[in-house]
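Secondary and tertiary structure notes
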Amino acid sequence: MASSKSYNMKAAIAAFVILPILGVLILSRAQWVHKELPYIGEKVENKDGSVTYHTVGDIHLFNQHGKEINLSDFDSCIIVANIFFASCAEVCPQMNKQIQVIAEEFRTNPKVRFLTVSIDPQSDSVPVLYQYSQAYKADLYKRTFATGSKSEIYDWVFNDLLLATEQRGSDFIHDDKVVIIDRDHHIRGILETRGKDLKEQLERVKRITDDINNLLYEYRQKQLDK
């Protein structure tokens, strides 16, 4: 009986994190076309003619291994960030499944990292985060699952990530988007993850993947121009 239950759990996890083979084939054949990404958030025009863009401030968190981390641990990397809570039954699993597909796409690129932050630290302790992260082979695919102070996280989500702004003042926030953060901590994309069917899911995975590739291209060009 226990063996059957263990088998069912493993099968459920496999189905949960793996995109159907047909979808992967479609995605792999889709062509990437470069485009310059915008800077998202408030911008300030300085007296010298330069422009200062909104930046994501630092935050202190604990990852799934109980290690204290902050944004300096992601230095020189593009960060793909999202929020979730482990007890979420529908929205978060769908969102994290989509993000997993993208993480697998960039597994071999050390300059792309994934940060998934729980907005329910009271329930999502380090052991809970660790167990949740295991379904996604987090360390293998450079995914960090983390949490910290609820007040600090909420402030960071609203004012830095610019997520769930319509829920400001709420006791519990939720958002199924990802935030693409460049190496200077500017926001370069806020994109939806889920889709009503496989076609829309693939389109959204491709859009996020394309935007990450656009940033990587931008950095390659800057390196060549030096």
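Just above, that's the structure.
Residues numbered from 1 in each chain as written. Predicted model: local features only at pLDDT ≥ 70, side-chain atom pairs only at ≥ 80, totals over all residues. Heavy atoms only, no water.

The next thing to look at is the overall build of the protein. Along the protein, the regular secondary structure elements total six helices and nine strands. Put simply, the protein has 226 residues, and 44% of those count as buried. When contacts within the protein are restricted to residue pairs at least 6 apart in sequence, long-range pairs at least 24 apart make up 71% of them. Put simply, the protein shows about 12,300 Å² of open surface, and 52% of that area lies on carbon and sulfur atoms. (Helix = DSSP H or I, 4+ residues; strand = E, 2+ residues; numbered from the N terminus. Buried < 20%, exposed > 50% of the residue type's maximum accessible area, 1.4 Å probe, protein only. Contact = heavy atoms within 4.5 Å. Areas by Shrake-Rupley, 256 points an atom, 1.4 Å probe, with all protein chains shown as cover.)

This next bit is on unusual backbone geometry. Unlike most non-glycine residues, Ser 76 shows phi in positive territory, near 65 degrees. The topology assignment puts Ser 76 in the loop between strand 4 (68-69) and strand 5 (78-84). Despite not being glycine, Lys 142 shows a phi value in the positive range, around 55 degrees. For Lys 142, a relative accessible area of 15% corresponds to the buried category.

Summed over all chains, the structure comprises eight aromatic pairs. Consider the rings of Phe 84 and Phe 145, whose centres lie 5.9 Å apart with planes at 80 degrees: the pair is edge-to-face. Linking Phe 84 in strand 5 with Phe 145 in strand 7 (residues 143-148), this pair joins segments that are 61 residues apart in sequence. Just as Phe 84 is buried, Phe 145 falls in that class too. Through successive ring pairs, a cluster of aromatic residues spans Phe 84, Tyr 132, Tyr 136 and Phe 145. The ring of Tyr 219 carries Arg 183 above its face, with NZ or CZ at 3.6 Å from the centroid. (Phe/Tyr/Trp six-rings, centres within 6.5 Å; stacked < 30°, edge-to-face > 60°. Lys NZ or Arg CZ within 6 Å of the ring centre and 35° of its normal.)

This part takes up the sheet that holds strand 6 (residues 112-118). Taken in spatial order, the seven strands of this open sheet run 4-3-7-6-5-8-9, and their pairing is mixed. Strands with a single pairing partner mark the edges of an open sheet, and in this sheet they are strand 4 and strand 9 (187-192). Where strand 5 meets strand 6, seven bridges bridge the pair, whose relative direction is parallel. In the strand pairing of strand 6, Ile 79 is matched with Arg 113. Relative to the sheet, helix 3 (residues 91-105) contacts strand 5, strand 6, strand 7 and strand 8 (177-181), its axis offset from that of strand 5 by approximately 165 degrees. (Pairing = 2+ DSSP bridges. Axes fitted to C-alpha atoms, helices over the stretch in contact; angles between N-to-C directions.)

The subject of this paragraph is helix 4 (residues 126-134). Residues lying three or four places apart along an α-helix face the same way, a consequence of the helix completing one turn every 3.6 residues. Residues Leu 129, Tyr 132 and Ser 133 constitute the buried set of helix 4. End-on, the buried residues of helix 4 take up no more than an arc of 95 degrees, which puts them together on one face. Pointing more than 90 degrees away from the buried face of helix 4 are the exposed residues Pro 127 and Gln 131. Contacts from the buried residues of helix 4 go to strand 3 (61-63), strand 5, helix 3, strand 6 and strand 7. (Arc of directions from axis to C-beta.)

This brings us to the side chain of His 54. Structurally, His 54 is set in the loop between strand 2 (51-53) and strand 3. By relative accessible area, His 54 is classed as buried at 15%. For His 54, the side chain forms a polar contact with the main-chain oxygen of Asp 160, separated by 2.8 Å. For His 54, the residues in contact, after removing those within four places along its chain, are Ile 40, Gly 41, Glu 42, Asn 159, Asp 160, Leu 162, His 185, His 186 and Ile 187. (Polar contact = N/O pair within 3.5 Å; in protein donor to acceptor, adjacent residues only side chain to side chain.)

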